[in-house]
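Secondary and tertiary structure notes
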Amino acid sequence: MDSPILILSLSTAATAAAAAFPKLNARLALSRAKHRSLTGHSKMSRAIARLIPFYEFDIDDFFRSDGAPAAIATQRQDGFFRLSRLYGERYAKGRAMTSEAASRISDLQFTRAYRVPFQYSRLVQEYLGTGAFMESSAGVTVTDIDGNVFYDLTGSYGVNIFGNDFYKECIARGEARAHALGPVLGSYHPAVADNVKRLCEISGLDEVSFHMSGTEAVMQAVRLARYHTRRSHLVRFAGAYHGWWGDVQPGVGNPISAHETYTLADMSERTLQVLKTRRDIACVLVNPLQALHPNASAPGDSSLVDSSRTASYDRAAYTAWLKSLREICTERGIVLIFDEVFVGFRLAAGGAQEYFGVRADMVTYGKSLAGGLPIGVVCGRKDLMRRFREDRPADVCFARGTFNAHPYVMTAMDEFLTRFGDPAFRSVYHGLDEVWNARARHLNDKLTAAKLPVRVSNLSSIWMVHYTEPSRYNWMLQYYLRAEGLALSWVGTGRLIFSLNYTDADFDAVAERFVVAAGKMKADSWWWSDANLTNKNIRRQILKEMLTRKRLR
């Protein structure tokens, strides 16, 4: 005869098992929706990052880390020190000032160390150090403190859409208008009223809140989504950047693991299935820049260890993906947030919403609204922007900042939006993709004709460089480009950002310098190769170097 206790135990176990299987299935579905790369596995990427040992090449191994023969290594060494002498003569003042400032500016310490793969960093810093100080800008050029003029391909990290002169005028006129009120905070300058109206018109949304940066704007959008949906988790896509705060940077770079973030694969049916079935997702964050390199992190030359970097922009495919996201988010009550801090106003007058033909529930914008002055903006539906509940007065969603809507920022923004609203000014968007796609083809044709292993890919005026032959030295191209008068940001060839005021003549000059720089790099034998030099073998060699280093410690 069965014991009542045994029967009760078996019944409890069966109930628990029945309840566990749905959770297990949901967990498996979530795992399948992650991208297979490390960008899709935040915990694994953090763990692997902690295991990678530091090592560096000495002066001999530096030039033959790919197994090149002695003659090739000598050519490279000669080219390296020829370039070093040029840098020393041409950028002397800027390099000295940067070196002194770096001892007290942590940002400079970081960017100097991570311009190239770490194995090569010390010697590059010593002999090819770059200057961080610029003195002036005009048209599409910038001039450093040594008087060198460069074509500007930095785009001020995406801020500079319409040209430095355009923004300088906006800031100057804005400063004159704000001077009477000055740094009075709390109350609003009258320009705020006009700004809010036009931002709502541009975004197609109901309300606006101002913040100090794009990162803060995204933080507030996510917080409001969680508040109104009463759900905990956000979804971000593998590789996408949404600022440096913890919930949206759950992998390498964040000292604490994010516990309420799902990092899923971009453009994946399995991701859509997760969104259809889970009940804890408050919002989905989309950075439209990922259309250029889905599921890959923002490219930088510090990670350019071989030639496997690629781009795969397909406007039709990405549009279809966003429309599927929109449909499921609507069906499931998930807030769809477009993070347009980087691409806002660059692709179209109405941003990515207009460009891809998909409406978001909330949109964030950044410093391009005010020429780099500190600002972040959230535009959203009225029901999502409310920070309190009328029926529960103590239940609030607090957000505030001392310098939000600063008068000088607001008047500069007003100048920007006034000019931006002029139909004649909007003509800059006519045939925009066709212009920049043709320019990319033109440069690729020149590179092909010169038999150079370099190509460019683009999302309109945002470009990245990739390489057609295996090499451990592709990162050297950034130094040849700078020597030819092309200003790059610290990520090097991973991102070239053109302002929209580049004329055909300006671009032709850039293209010519680009080809000359790549030609000089090839002549110095950095792109030597043989049958054994493949991307796979390069990665194996790096792994072997790391394992050897670990054993020696």
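These lines cover the structure that appears in this document, whether it is placed above or below. (Residues numbered from 1 in each chain as written. Predicted model: local features only at pLDDT ≥ 70, side-chain atom pairs only at ≥ 80, totals over all residues. Heavy atoms only, no water.)

1. What about the environment of A225?
Tracing the chain through its elements places A225 in helix α9 (residues 214-229). The class of A225 is buried, set by a relative accessible area of 0%. Along the chain, A225 and I281 lie 56 residues apart, while their C-alpha atoms are 9.6 Å from each other. (Helix = DSSP H or I, 4+ residues; strand = E, 2+ residues; numbered from the N terminus. Buried < 20%, exposed > 50% of the residue type's maximum accessible area, 1.4 Å probe, protein only.)

2. Some points on unusual backbone geometry
Phi at Y157 is positive, roughly 60 degrees, even though this residue is not glycine. With respect to the helices, strands and loops of the structure, Y157 is situated in the loop between β3 (149-152) and α7 (164-178). Even without glycine at this site, A405 takes up a positive phi of about 60 degrees.

3. Brief notes about α9
Here α9 is 16 residues long and its end C-alpha atoms lie 23 Å apart, about the 22 Å a rise of 1.5 Å per residue gives. Counting buried residues in α9 gives 12 out of 16 residues, a clear majority hidden from the surface. Among the residues of α9, those classed as buried are G214, T215, A217, V218, Q220, A221, V222, L224, A225, R226, Y227 and T229. Following α9 by one or two positions, R230 adopts a phi angle in the positive range, close to 60 degrees. (Expected span 1.5 Å × (residues − 1).)

4. Thoughts on the environment of A49
Summarising the element assignment, A49 is placed in helix α2 (residues 42-51). Counting along the chain gives 203 residues from A49 to V252, while the straight-line C-alpha distance between them is 7.0 Å.

5. Side note on the environment of T448
Inspection of the secondary structure assignment puts T448 in helix α16 (residues 432-449). Separated by 60 residues in the primary sequence, T448 and F388 have C-alpha atoms spaced 60 Å apart. A polar contact of 2.8 Å, which involves the side chain of T448, links it to the backbone oxygen of N444. (Polar contact = N/O pair within 3.5 Å; in protein donor to acceptor, adjacent residues only side chain to side chain.)

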